[in-house]
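An overview of the molecular structure
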Amino acid sequence: MKVLFVASEAYPLIKTGGLGDVCGSLPPALLATGMDVRLLLPAYPAALAQAGPLKPVDTIDLRPYFHPTVRLLEGRLPGTRVKLWLVDCPPAFNRAGNPYHAADGQPWPDNAERFALFARAAVALALGWTRQRWRPDIVHAHDWQTGLVPALLASDPARPATVFTIHNLAYQGIFPRATFDALRLDPSLWSFEALEFHGQMSFIKGGLVYADRLTTVSPNYAREIQTPRFGHGLDGLLHWRRDALHGILNGIDRREWNPARDPHLVSRYSAAKLGAKGPNKPALQNELGLPPSPQPLLALVGRLVWQKGIDLVLELLPALARRGVQLAILGNGEREYETALRRVAAVYRDWLAVRIGYDEGLAHRIEAGADLFLMPSRFEPCGLNQLYSLHYGTVPVVHRVGGLSDTVSDIDHPTPVLKPNGFVFSQETPAALLAAIDRALALYRQPTRWAALQRSGMRQDFSWSRSAAKYAGLYAGLRPTPVRNPPVKTRGSSRHRAGVRRTTRAAAARR
Ligand code: ADP
């Protein structure tokens, strides 16, 4: 089985969130099951710098759609045997910083062109229009940046089968009609049964409509996105495609996230040697300028966006101050949250530490040094930080949504399938979050029960090998299937259309 992974980020080449983690760890996990997996990524400067030796193996002619020369560079995903191809087109990808937006947080103005070019390069490889002999049986594309890949492949009779994974439905790649025209896409794709979305062009619909199989990163999120509350206007379409849609939980990359071998920690530990977690807390307090205190240390690491419920935590700060805890926050994202956090950090400087920025090593040290990890996300496709927290014996407090529901089992109301490992709250309110934190703080004062809860989480298996086997099962026997359009005669006449009409604040957000 030959599989081409097409993605806009993959750790350790470039990562802005969970998408990068998954695309860096799933390919080697699939390779270990005996598949021939290759990874295609844009040649951003960070990827070129991290990739190690690369050799130019091809040029891809994308005329008449794009004129710059596109080179294909070949290497390996660092630390793995996965063959890596980088699409090298300096005008599109040679810019510093975040792959999606400029330093001021605004999306690069040519994002549609950049990722359309990347998609066309992927299609050329998939259909054998290059000098490469290797042809995939399956093309596996990820998130809106690669949504055009299944759409462009769909009309080719010799195409491979396609899988499209939704890592976060809130990010859809929405562009004006003029962009659709500028990209010289086939006019038949301008239809609400194809790429059109409320008079605009949607990249993600290319994946959702045209891929042979859809996956998302947890079983619960697969159900949620078929409902108006979580569907970001696409719930009707996803419900229509429900037979093709599978929820497969993300895993932990144990090469990167393992407290027994983590090079970022001052003291390494495991469930059997839990006492050795202890020195990580004063080391973290010291690093963050917090006083050395035995009080519970709460933590939050993540993108500072509305999705993550940062505002719920901000509202709780006076109540947390009264409880005598410490709180460490690491993240970057929207200006309003960054500014608000900097401001409160100055007010509560003796117990609240805020680090605005992206720091992989500090994220590891926070997971190891903290006692409790907060994830009050409004929606969470899978969530990796709660998995890292479980593995690091840092008890998670999470909102009952998406993958958080699938992976965290409340000590007082455990799920039937998972041993208790944390604290879960159901209402999207600061009061509900605080009530869950209070339950956690009460248990923290009972060291034996607390240690049992930590060990329970540390011993649960959220490894990639389980999830990789599920992807392998999905790929097995997958053949290209003709696209069936939703049963819609006139605009607005069907449930599908009804679902598509809704928009949300989050749908307008962009990664
Ligand atoms: P999302 O994909 O929505 O960002 P996930 O929980 O699935 O959320 O994955 C987030 C990943 O990004 C984790 O590996 C987390 O440690 C990492 N991460 C997020 N923000 C930061 C940051 N500021 N510094 C270091 N790592 C971060």
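Shown above is the structure to which this text applies.
Residues numbered from 1 in each chain as written. Predicted model: local features only at pLDDT ≥ 70, side-chain atom pairs only at ≥ 80, totals over all residues. Heavy atoms only, no water.

Taken as a whole, the second largest pocket holds about 510 Å³ of empty space. Along its surface, the second largest pocket is lined by 24 residues, and Arg 120, Ala 151, Leu 152, Ser 155 and Asp 186 are the ones closest to its centre. Of all the secondary-structure elements, those providing two or more residues to the lining of the second largest pocket are α4 (111–126) and α5 (148–154). Classifying every residue of the lining of the second largest pocket gives 13 nonpolar, 4 polar and 7 charged. (1 Å grid on protein atoms, 1.4 Å probe; cavity = no way out; pocket = protein on both sides within 12 Å on 5 of 7 lines; lining within 4 Å. Points joined across faces, edges and corners; volume = space filled by probe spheres on them. Helix = DSSP H or I, 4+ residues; strand = E, 2+ residues; numbered from the N terminus. Nonpolar A, V, L, I, M, F, W, Y, C, P; charged D, E, K, R; others polar.)

This part is about the environment of Thr 415. Relative to the assigned elements, Thr 415 resides in the loop between α15 (402–407) and β18 (423–425). Put simply, Thr 415 and Arg 223 are 192 residues apart on the chain and 17 Å apart in space, counted from C-alpha to C-alpha. In contact with Thr 415, not counting residues within four places along its chain, are Ser 405, Val 408 and Ser 409. (Contact = heavy atoms within 4.5 Å.)

The strand order β8-β10-β9 describes an open sheet built from 3 strands, whose pairing is antiparallel. The outermost strands of the open sheet, each flanked by one partner alone, are β8 (174–175) and β9 (196–197). By the bridge criterion, 2 bridges tie β9 to strand β10 (residues 200–202) in an arrangement that is antiparallel. If you follow Phe 197 over to β10, its bridge partner there is Gln 200. (Pairing = 2+ DSSP bridges.)

Around the ligand, the structure places 21 residues, and the nearest of them are Gly 18, Asp 21, Arg 303, Lys 308 and Gly 357. Note that an oxygen atom of the ligand is positioned 2.9 Å from one of the backbone N or O atoms of Leu 384. Between an oxygen atom of the ligand and a side-chain N or O atom of Asn 385, the distance comes to 3.2 Å. Notes on the ligand: free accessible area 560 Å², of which the protein chains cover 96%. When each cavity is represented as a set of grid points, the ligand is found to reside in the largest cavity. Looking at the shell around the ligand, the elements that each hand over two or more residues are α1 (18–31), β13 (297–304), β14 (326–333), α13 (360–369) and α14 (385–391). Here the element with the most residues in the shell around the ligand is β13; it accounts for 3 residues. Residue composition of the shell around the ligand, grouped by class: 6 nonpolar, 7 polar and 8 charged. (Near = heavy atom within 4 Å. Polar contact = N/O pair within 3.5 Å; in protein donor to acceptor, adjacent residues only side chain to side chain. Areas by Shrake-Rupley, 256 points an atom, 1.4 Å probe, with all protein chains shown as cover. Sits in = over half its atoms within 2 Å of the grid points.)

Enumeration according to the criterion identifies 21 salt bridges in this entry. Between Arg 378 and Asp 311 there is a salt bridge; the shortest N-O distance is 2.6 Å. In this pair, Arg 378 sits in the loop between β16 (372–375) and α14 while Asp 311 sits in helix α11 (residues 310–323), placing the two residues 67 residues apart along the sequence. The class for Arg 378 is buried, based on a relative accessible area of 8%. (Salt bridge = Lys/Arg side-chain N within 4 Å of Asp/Glu carboxyl O. Buried < 20%, exposed > 50% of the residue type's maximum accessible area, 1.4 Å probe, protein only.)

By themselves, these observations are geometric and do not establish any function.
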